[in-house]
Amino acid sequence: MATAQAADYYAYKRPHVAEYPAPPGMEIDETILKSVEQKTGPISGNTITLNEIQRDRITKIANANWAISRDVVSKPAFNPSLVDEIYRTELLVTSGSKSVPLQRVMVLEVSQYLENYLWPNFDPDNATFEHLMSMILMVNEKFRENVPAWKCFHDRDDPFEGFLRRVLLLKQQGRDLNMAEKTNYLIFLIHSFQSLEDEIVRGTVLKLVHLQLWHSLSSGRFQMELCLHPQLIKKWKTMVKKEAKEARRTGMSSDPRDKLEVKFLPMLIQEFLEILDSKVINSPKHSDEKERLINLYQDDETLVDEACLLYCERFMEFLIDLLSQLPTRRFFRAVIEDVAVVAKCRLSTLYTHQRGKLFAQLVDLLRFYEGFEIDDHVGTQLSDDDVLLAHCSRLQAFQLLAFKEIPKLRDLALANVGSIEKRNDLCKRLSVLSAEELKDVVCNKLKLLENSDPCVERMDFLTEVMVSTFEKRQSQKEAINALPLYPNEQVMWDESVVPSINYTGEGCLALPKLNLQFLTLHDYLLRNFNLFRLESTYEIREDIQDVLPRLAAYINNEGETRFRGWSRMAVPIKEFKITEVKQPNIGEVKPSAVTAEVTYSVSRYTSQIRSEWNGLKEHDVLFLLSVRPFLEPLSGEEASKLSVPERFGLQYVRGCEVIEIRDEDGNLMNDFTGRVKREEWKPPKGELRTVVLALDTAQYQMDVNAIAEKDAEDIYKTFNVMMRRKPKENNFKAILESIRDLMNEACIVPEWLHDIFLGYGNPSAAQWTNMPDTLDIVDFKDTFLDADHLRESFPDYDVSFLHPDGDVDKFPKPPFHITLPRTLKSAANQVLPGATKRGGVDGDIVNKMMETNGKREQIIVETYVPPDPGPYPQDQPKKNNVRFTPVQIGAVISGIQPGLTMVVGPPGTGKTDTAVQILNVLYHNCPSQRTLIITHSNQALNDLFEKIMQRDVPARYLLRLGQGEQELATDVEFSRQGRVNAMLARRLELLAEVERLAKTLHLPEDVGYTCETAGYFWLLHVYSRWEQFLAACESNQDKASFVKDRFPFKEFFSDTPQPVFIGLSFERDMRAAKGCFRHLTTMFQELEECKAFELLKSTADRANYLMTKQAKVVAMTCTHAALKRKDFLQLGFKYDNLLMEESAQILEIETFIPMLLQRQEDGHARLKRCILIGDHHQLPPVVKNMAFQKYSHMDQSLFTRFVRLGIPYVELNAQGRARPSIAKLYNWRYRQLGDLSYVQNERVFQLANTGFCYEYQLVDVPDHRGMGESAPVPWFYQNLGEAEYVVSVYMYMRLLGYPASKISILTTYNGQKHLIRDVIRQRCASHPLIGSPSKVTTVDRFQGQQNDYILLSLVRTRFVGHLRDVRRLVVAMSRARLGLYVFCRRSLFEQCYELQPTFQLLLQRHDRLALNLDETTCPTERFVGDTGRIHLVSGLEEMEHIAMNKFYQLYQGQTIGQQVTIHYSNQQIHGYNSGATMPMNTNFPAEQRSLVEPGFIPYRSPETQKNAEAPVDDKLNKNNDTQ
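The structure displayed is predicted, hence computed values, not measured ones.

1. Here's the deal with the overall build of the protein chain
Working step 1: Helix and strand counts for the protein chain come out as 60 helices and 39 strands.
Working step 2: Put simply, of all contacts in the protein chain between residues at least 6 apart along the chain, 77% involve residues at least 24 apart.
Working step 3: By element, 50% of the accessible surface of the protein chain is carried by carbon and sulfur atoms, the whole surface being about 64300 Å².

2. Remarks on the sheet that holds strand β14 (residues 798–802)
Working step 1: Taken together, the four strands give an open sheet; going across it, the order is β13-β15-β19-β14, and neighbouring strands pair in mixed fashion. The open sheet terminates on both sides in strands that have one partner only, identified here as β13 (777–779) and β14. Each neighbouring strand pair of the sheet contributes to a mean axis angle of 25 degrees, computed without reference to strand direction.

3. Overview of a nonpolar patch on the surface
Working step 1: Taken together, the side chains of Y1016, L1019 and L1020 present a nonpolar region at the surface, about 360 Å² in accessible area.
Working step 2: Structurally, L1020 can be placed in helix α40 (residues 1011–1034).
Working step 3: Classification of L1020 as exposed rests on a relative accessible area of 60%.

4. So, unusual backbone geometry
Working step 1: Residue P815 is reached from P814 by a cis peptide bond, and omega for that bond is 10 degrees.
Working step 2: If you trace the backbone, P815 turns up in the loop between β14 and β15 (816–819).
Working step 3: Residue P1419 is bonded to the preceding C1418 through a cis peptide linkage, with omega at -10 degrees.
Working step 4: Structurally, the position occupied by P1419 is in the loop between β36 (1410–1411) and β37 (1431–1432).
Working step 5: One non-glycine residue, D773, adopts positive backbone phi at about 60 degrees.
Working step 6: Of note, D773 is situated in the loop between α33 (751–758) and β13.
Working step 7: The class of D773 is exposed, set by a relative accessible area of 70%.
Working step 8: Positive phi, close to 55 degrees, is recorded for E1142, a residue that is not glycine.

5. Structural notes on the sheet that holds strand β29 (residues 1256–1260)
Where strands meet in a sheet, backbone hydrogen bonds hold them as pairs that are either parallel or antiparallel.
Working step 1: Read from one edge to the other, the open sheet built from five strands follows the order β29-β35-β34-β32-β33, with strand pairing classed as parallel. With partners counted over all chains shown, the strands left at the sheet margins are β29 and β33 (1335–1338), one partner each. Averaged over all pairs of adjacent strands, the angle between their axes in this sheet comes to 20 degrees, without regard to strand direction.
Working step 2: Of the pairings in the sheet, the one linking strand β34 (residues 1347–1353) to strand β35 (residues 1376–1384) comprises six bridges and is parallel in character. Bridging across to β35, Y1349 finds its partner in G1379.
Working step 3: The strands that helix α52 (residues 1280–1296) touches are β29, β32 (1303–1307), β34 and β35; relative to β34, the one it contacts most, it runs at about 155 degrees.

6. Thoughts on the pairing of strand β19 (residues 858–863)
Where a strand is regular, its side chains alternate between the two sheet faces.
Working step 1: Side-chain alternation along β19 places I859, V861 and T863 on a buried face and Q858, I860 and E862 on a face that remains uncovered.
Working step 2: Here β14 pairs with β19 via five bridges, running parallel. Each residue of the ladder has a partner; that of D798, found in β19, is Q858.
Working step 3: Alignment of β15 against β19, held across four bridges, turns out to be antiparallel. Across the sheet, the residue bridging to H817 is E862, located in β19.

7. A word on the packing of helix α9 (residues 179–193) against helix α13 (residues 260–278)
Working step 1: Orientation of α9 relative to α13, taken along the N-to-C sense of each, is 140 degrees, at an axis distance of 13 Å. Comparing their axes, α13 and α9 come out oblique. α13 is crossed by α9, and the crossing has left-handed handedness. Facing α9, whose interface residues are M179, K182, Y185 and L189, α13 presents F264, L268, E271 and I275.
Working step 2: Split by residue class, the contact of α9 with α13 holds six nonpolar, no polar and two charged.

8. Considering a negative patch on the surface
Working step 1: Together, D155, D157, D158, E161 and E199 make up a region of like negative charge exposed at the surface.
Working step 2: The element best represented in the negative patch is helix α8 (residues 157–169), accounting for three residues.
Working step 3: Mapped onto the elements, D155 comes out in the loop between α7 (129–144) and α8.
Working step 4: Given a relative accessible area of 58%, D155 falls into the exposed group.

9. A closer look at the pattern of salt bridges
Working step 1: Under the counting rule described, the total for this entry stands at 87 salt bridges.
Working step 2: Measuring nitrogen to oxygen at the nearest pair gives 2.6 Å for the salt bridge that ties E109 to K142. Of the two residues, E109 sits in helix α5 (residues 102–110) while K142 sits in helix α7, which places them 33 residues apart along the sequence.
Working step 3: Take E109: its relative accessible area is 3%, and that puts it in the buried class.

10. A short note on helix α31 (residues 697–710)
Working step 1: Here α31 is 14 residues long and its end C-alpha atoms lie 19 Å apart, about the 20 Å a rise of 1.5 Å per residue gives.
Working step 2: Buried within α31 are the following residues: T697, A698, Q699, Y700, Q701 and D703.
Working step 3: The N-cap residue of α31 is D696: its side-chain oxygen and the backbone nitrogen of A698 are 3.0 Å apart.
Working step 4: Positive phi appears at D711, one or two residues downstream of α31, with a value of about 55 degrees.

11. Here we look at the confidence of the model for the protein chain
Working step 1: Put simply, the protein chain has an average pLDDT of 84, and 87% of its residues get 70 or more.
Working step 2: Of the regions scoring below 50 in pLDDT, residues 837–846 engages in 15 contacts with residues more than four places distant in sequence or in other chains.
Working step 3: Counted against residues more than four places away or in other chains, residues 1456–1523, with its pLDDT under 50, gives 171 contacts.

12. Remarks on the nonpolar core
Working step 1: Counting residues in each nonpolar core, the largest one holds 253 residues, and the members touching the most others are F163, F272, F318, F332, L900 and F1152.
Working step 2: Take this core: its biggest share by element is 14 residues, from helix α27 (residues 521–551).
Working step 3: Other than its neighbours up to four places away in sequence, F163 contacts W119, F122, L132, M135, F153 and F188.
Working step 4: With 50 residues, the next largest nonpolar core counts I818, I933, L944 and F945 among its residues.

13. Some remarks on helix α38 (residues 938–948)
Working step 1: Within α38, the full set of buried residues consists of A940, L941, N942, L944, F945 and I948.
Working step 2: Lining the buried residues of α38 we find α37 (911–925), β21 (931–935), β22 (958–960), β23 (1113–1117) and β24 (1137–1140).

14. Considerations on the packing of aromatic side chains
Working step 1: Scanning all chains against the criterion turns up 69 aromatic pairs.
Working step 2: Centre to centre, the rings of F368 and Y369 are 5.2 Å apart; their planes meet at 75 degrees, and the pair counts as edge-to-face.
Working step 3: The buried category is assigned to Y369, whose relative accessible area is 4%.
Working step 4: Against the face of Y1191 rests K513, its NZ or CZ located 4.9 Å from the ring centre.
Working step 5: Stacked on the ring of Y1256, the Lys or Arg R1405 has its end atom at 3.9 Å from the ring centre.

15. Quick word on the pairing of β35
Working step 1: For β35, the tally of buried residues reaches nine of nine residues, placing the bulk of the element in the interior.
Working step 2: Both β29 and β35 contribute to a ladder of five bridges, which runs parallel. Considered in β35, the bridge of V1259 is made with F1383.
Working step 3: Between β34 and its parallel partner β35, the chain crosses via helix α54 (residues 1366–1373), and the hand of that crossover is right-handed.

16. Some remarks on the environment of V1273
Working step 1: Inspection of the secondary structure puts V1273 in the loop between β30 (1269–1270) and β31 (1278–1279).
Working step 2: For the pair V1273 and G1311, spaced 38 residues apart in the sequence, the C-alpha separation amounts to 9.2 Å.

17. Topic: the side chain of T1010
Working step 1: Within the secondary structure, T1010 is located in the loop between α39 (976–1000) and α40.
Working step 2: The class of T1010 is buried, set by a relative accessible area of 17%.

18. Some points on the side chain of D338
Working step 1: With respect to the element layout, D338 can be found in helix α16 (residues 326–339).
Working step 2: A polar atom in the side chain of D338 sits 2.7 Å from the side chain of S218.
Working step 3: Not counting residues up to four positions away in its chain, the partners in contact with D338 are S216, L217, S218, R221, L448 and L449.

19. Here we look at the environment of E90
Working step 1: The topology assignment puts E90 in helix α4 (residues 80–91).
Working step 2: With 33 residues separating them in the primary sequence, E90 and R57 have C-alpha atoms 9.8 Å apart.
Working step 3: Only 2.4 Å separates the side chain of E90 from the side chain of R57, close enough to count as a polar contact.
Working step 4: Of note is the side chain of E90, whose polar atom sits 3.0 Å from the side chain of R104.

Analysis parameters
Residues numbered from 1 in each chain as written. Predicted model: local features only at pLDDT ≥ 70, side-chain atom pairs only at ≥ 80, totals over all residues. Heavy atoms only, no water. Helix = DSSP H or I, 4+ residues; strand = E, 2+ residues; numbered from the N terminus. Contact = heavy atoms within 4.5 Å. Areas by Shrake-Rupley, 256 points an atom, 1.4 Å probe, with all protein chains shown as cover. Pairing = 2+ DSSP bridges. Axes fitted to C-alpha atoms, helices over the stretch in contact; angles between N-to-C directions. Patch = residues over 30% accessible without salt bridge, like charges linked within 9 Å, V, L, I, M, F, W, Y side chains within 5 Å. Salt bridge = Lys/Arg side-chain N within 4 Å of Asp/Glu carboxyl O. Buried < 20%, exposed > 50% of the residue type's maximum accessible area, 1.4 Å probe, protein only. Parallel < 35°, antiparallel > 145°, perpendicular 65-115°, else oblique. Left-handed = near helix turned anticlockwise from the far one by under 90°. Nonpolar A, V, L, I, M, F, W, Y, C, P; charged D, E, K, R; others polar. Lys, Arg positive; Asp, Glu negative; His and termini not counted. Charge placed at Lys NZ, Arg CZ, Asp CG, Glu CD. Expected span 1.5 Å × (residues − 1). Polar contact = N/O pair within 3.5 Å; in protein donor to acceptor, adjacent residues only side chain to side chain. pLDDT = per-residue confidence, 0-100. Core = buried A, V, L, I, M, F, W, Y, C linked by side-chain atoms within 4.5 Å. Phe/Tyr/Trp six-rings, centres within 6.5 Å; stacked < 30°, edge-to-face > 60°. Lys NZ or Arg CZ within 6 Å of the ring centre and 35° of its normal. Right-handed = clockwise from strand over helix to strand, strands pointing away.

Shown next as structure tokens:
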């Protein structure tokens, strides 16, 4: 097997839960190792084996005291001294840069130390300090691993509140915490303030940032704040009276500043400032301080204490978090300004120190949020005019003060505002004052600081406070507009901004977070803009790091850069020149456009790669690289010490966009503007290509300024490589432009959604029950299959069926008009079936509301007979055949009403059917409104679209945009071009029908020449005849055959399949006549709609008209919506309703943008309904960089955030996918998930799985050949034993007759996926009796799909890994319909607390595979529950032997020929030593003999496997091991 060194260093760099390698260059000194080993025992490497864990001291203690064991034995009573000992010997860190011993904490957390020992035995009054700190560390570890941290606390609410109170009181107890303990304490506070959705946590921590916090303000700052916010004066006086009354009642101190809530945060800030000032950087006193030197970093004769540095960085994160959420910011910002935290941090030594780069970035982020453009107490966003007015007022007030009282500042007082608002100007003006004079201005006249502050003696500090108060700051819009959209080399390799993949979660980053709440829409957009830009930067960086080693750059004898290698995605540049720099737009500094030309050759590429480079088209994004390698090749040791740019000589990176591409003769290629006609297009000539590029104007301006001001190198003369990326991964620029455009717009969100979106106000405010203009009477069309179905859907109401005339209908039939009762609009949607809201209305109250005078309220249902649709089969409407559950009906009712509707759809509960019915009912009740459908994937969009086509929505009103339209399982095209062609073809058909109609009326046939002439024909000859016919019928209703005899269009309808009129009943024939006229009406209505396509001549105009006017239902993916937003706005695209499927899998910003694809109308958003359908219990959006996922919560979807905010939602509660027994493996995650009668009564669900005793089972897989999990390259996890076992079971199933298309093999890791594919390729794929299964993929990739039988490999044997994320477990357990077989290490997974409900069910059965060997073919007549004769498979070797015997028996039965006996040697067959004799047919093909011949190797080396599987096309899998 190839070693890990054979793989590229950057391959498969996917981190995972609770297991991370040490960053390069962070090796531990031997002296430290020895000292730590004396305390905690030997430290294992990053790949701890299971045996090492089992031999570990902590594991032994856990097994004896709290760990769950298969052997039920009594555990000893709780021992507080044991907790104290574990904390002192295992968890306490007294030196070093880490705040926790990560490996020790991981082992304790995996053993359920918190859930089984610390929390059950916690007493708020008597718990020791060590007990409390141990719980803090365990909670922090759960947050680091992204698993629910507060879940185990909710079984005891009062002790939980006591625990939080004890944590806050730690600072008052006089215990001196070391730096690591202070950091852990601070991290716990950060997590607490990030968990405001938890009621108990919120109630405790928000007291720390309440109005009473202002007791700690200086008198000057306090008076200033009350003057600025006079509405708080009354509230302050009321609070002070209440506090005084409470003090008298309790007899406690009357000084409110002694209260914990008042002094807690100021005390923390003061402690931080002391550490920052005196402890984080020190000079060594003696050269022999060996122990101190070990823990300090030498730099320029100063020593940076790494532990203090981490604390300072974490404290900045803490302050940023408090200022970036309105509930915590409102009163806390004044405290930050009162102490001048930002000024003190900016003037600290650490801010400018080499080791303080991350700290400085965090300080800048804190400064940004301190001056954020928002009214803290009202919550409204300040416009640029408001900010400018406030700035000018503040500066003018200071000028007035200076003019009156500070003679030395007379020049400043008389200057215009524009000349003194910049930092340099202010510093220059203030420099005329002495230190004492400036102190008097700051402390006494302006009262910005207290005289007691020790820093007021520093001149630079006072100047910084003055400047930061009065300088003009760049607005958010200016900053975002000046920011380049393409990343450069400085941003790409800044680890504090774009961290590498091995982010462990132990430190913080200079990144924004996606919180539960946001300050303003600008704040929301800005955070998403930065995160999306940096996530894209990370992906681009990975692509560059993949390209550079392939190019193999070197310096030739002339000193020029040349390339020995080649790359598919990069090409050397022959010539680069800037051709045009346009003048800036008015009010801007940067050029309006910068154009360049690049010439390159495609001569060295194969035809396929050449066609890819020739396929560059307008708006494709490329990257220009400047590579200048070392003169001499680097040794391995030298290369390891360098960064990637240094190692490969990468100097600069700049992004650009394609304008056009030309061949060697200058002919235009890939023209989309119409300049080159299709018939004139010719293949490109020559091998040279010239591409015209649009450079980033903001970046170009920055580069030019650097050349002018700093005499920097001209970057644009150094480019020698041009790199492209895969189109699907290269759409970041359009999305960033969309976000930036949104930031430059005003009032972009509907008013009814604004507060909800930011996370404030009443969570139910956007529900339809609180919205105006609701639909009181709804035509449900084909929603109900019969009257009983309607009654079942409203079990809490008395249903009354009435005729349109008011009489009772004793034999009601659908369709129905329903008058919604008043109680459906009461109790915040709680009466609606399936509606769920945290802290909902009490059931007794709801029942009382529904009862009137002791009787249940009635639902009035009006039955009606729909009009005859027409005499032809195509006239008949398509009908629904799904019997919706009451909860689904509740979702439909909510969805068709205005406002926000959220539907949680567990696996198999019919989310798509519900969504389609909402659209169907909405179309028929609001036919003039337009609906936009958004999904995350093309597959989901096509599934939804195909079901819409089966409803009574005309195909001419449906439009599918994007690249996945060709995958629709239909003969009709629904793309823009396909719909235009269909409308033109339909026009010809209809005009031919008009001519036929004219012929039957004995009129000239030229009336069908155009749609316009057809319209005149309708008015003059068709509609007039119909009116005359109706008038004649009024006086001849007593004649049964009158309609048949006098109907004017009888000859036209003579070709109907059945006779239209029978002449026996006037009423019946009259209904048929109206149906015929309805057919004609529809025909001429379609012609009227075709008129625009007749008048518009260009294909583009027709397609745009179709999208903006004709289509009523438009469907696209969220990516397409973000890419094309600018086009939609330019075309005037409009829609009234938004329905979003898979919304829990879509990034926040990709959910937000589809809401804003249209311009406002009269300053208001047109959007009336927003329907979000998803499942937050399944996997979230994919974020490749773990730092953005773990630290910034970028994988948070809008749907999940709304659920966390407590917004009411409808949760579907009946699944129709899996056997009820299999559904129990995951239905515990949902409130009341039951089963449809279909899965209980259908025979396919009642019969057992042939050859298996159970329909689901966990199979314990021990080490195979002495090995469990392995990682041939980092994070590329494989388990050979499980792979072999899974494939053997698959072969066994195929040989029993299971269809390959009904079997899917899933795994939780990418490495295992490749290994299983390799085994199948060599053992099964080419064999006609076996073949390949439907899919071999990861659980993450299989989300949203299903199959009858799932074989699941969990891979891990050391740590549970990312399966601890219960959302991944839910997806894994819910993919199977009939059979699920899980292959894993039992001893590992049964210990995992988060997975207990599922694994307790799995472990109720044998953990060895139970087979029924009496069954030989599918299907069986045995029922589920009847196991038959059970044969327990001893292990992999026996399973392989069973499969081989099965194969031989089947092949022997199908083959006639000479047989020989082949003696098996003593060699192992896949690890099984047979030594037996077996008859075998000599006619076996070679590929079939590999199944049973000795020496077959079922896997290849990781390097071979890597090259075979994913050198280029599997980039996502390289970077994201869960994908």
